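One-letter residues, chain by chain:
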Amino acid sequence: MIQSSIRMTMPSQKSGEAMKILRSVAELCRDDPGCLSCHIYEDVQEENVLMLEQVWRSEEDLTLHLRTNQYRNLIVVLELALKQPEIRFDTISSSTGIETIEKARGQTR
């Protein structure tokens, strides 16, 4: 799996426009067969900071997505940012849930 995260600081007068485009990108992204999740977040501590987080089944699925028109729309939003957006692509080799907490705390269900 590949996790993509983009954190951007928008000018206050462009935040609404940016959010509208991001919602459209996220909606279309969720329909892509390789997209496992896609979420938009607003930072509650820093004004006008938005984050787009996606999880892709494979690097190939991510690469196909990066070539789409919807990703071109995302690039338009990135160009509106006040400063260089923080962009990360992380490879996830495994994932666990509450069982990790239970194991660490010596509890079982």
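Scroll up a little and you will see the structure.
Quick notes on the rules
- Residues numbered from 1 in each chain as written.
- Predicted model: local features only at pLDDT ≥ 70, side-chain atom pairs only at ≥ 80, totals over all residues.
- Heavy atoms only, no water.
- Core = buried A, V, L, I, M, F, W, Y, C linked by side-chain atoms within 4.5 Å.
- Buried < 20%, exposed > 50% of the residue type's maximum accessible area, 1.4 Å probe, protein only.
- Helix = DSSP H or I, 4+ residues; strand = E, 2+ residues; numbered from the N terminus.
- Contact = heavy atoms within 4.5 Å.
- Salt bridge = Lys/Arg side-chain N within 4 Å of Asp/Glu carboxyl O.
- Pairing = 2+ DSSP bridges.
- 1 Å grid on protein atoms, 1.4 Å probe; cavity = no way out; pocket = protein on both sides within 12 Å on 5 of 7 lines; lining within 4 Å.
- Points joined across faces, edges and corners; volume = space filled by probe spheres on them.
- Nonpolar A, V, L, I, M, F, W, Y, C, P; charged D, E, K, R; others polar.

Draft legend 1. Quick look at the nonpolar core. Ranked by size, the top nonpolar core spans 21 residues in total, and within it Met8, Met10, Leu22, Leu50 and Leu74 carry the most contacts. When contributions to this core are tallied by element, the ones reaching two or more residues are β1 (2–9), α1 (15–31), β2 (35–42), β3 (49–56) and α3 (69–80). No other element matches α1, which puts six residues into this core. Setting aside anything within four residues of it in sequence, one finds Met8 in contact with Leu22, Asn48, Val49, Leu50, Val77, Leu78, Ala81 and Pro85.

Draft legend 2. Representation of the pattern of salt bridges within the structure. This model, assessed by the stated rule, comprises six salt bridges. For the salt bridge of Glu17 with Lys14, the shortest nitrogen-to-oxygen distance reads 3.6 Å. Overall, the relative accessible area of 39% leaves Glu17 in the partly exposed class. Judged by relative accessible area, Lys14 falls into the partly exposed class, the value being 30%. The structure contains a network of salt bridges with shared partners spanning Arg7, Asp43, Glu46 and Glu86.

Draft legend 3. Highlighting the pairing of β2. Here β2 runs beside β3; their pairing, made up of seven bridges, is antiparallel. Note on β3: the bridge partner recorded for Tyr41 is Met51. Where β2 folds back onto β3 in an antiparallel hairpin, the turn is made up of six residues, including Asn48, whose phi is positive at roughly 65°.

Draft legend 4. Inspection of the side chain of Gln54 at higher detail. With respect to the helices, strands and loops of the structure, Gln54 is situated in strand β3. Gln54 has contacts with Ile2, Gln3, Ser4, Cys29, Ser37, Cys38 and His65, leaving out every residue within four places of it along the chain.

Draft legend 5. Structural detail: empty space enclosed by the protein. The full count for this structure, using the stated rule, is one cavity of 30 Å³ or more. As a volume, the largest cavity reaches approximately 40 Å³. As for the largest cavity, its lining consists of Arg7, Met8, Thr9, Lys83, Gln84, Pro85 and Glu86. Sorting elements by how many residues they give to the lining of the largest cavity places β1 first, with three residues. Of the residues contributing to the lining of the largest cavity, the split by class is two nonpolar, two polar and three charged.

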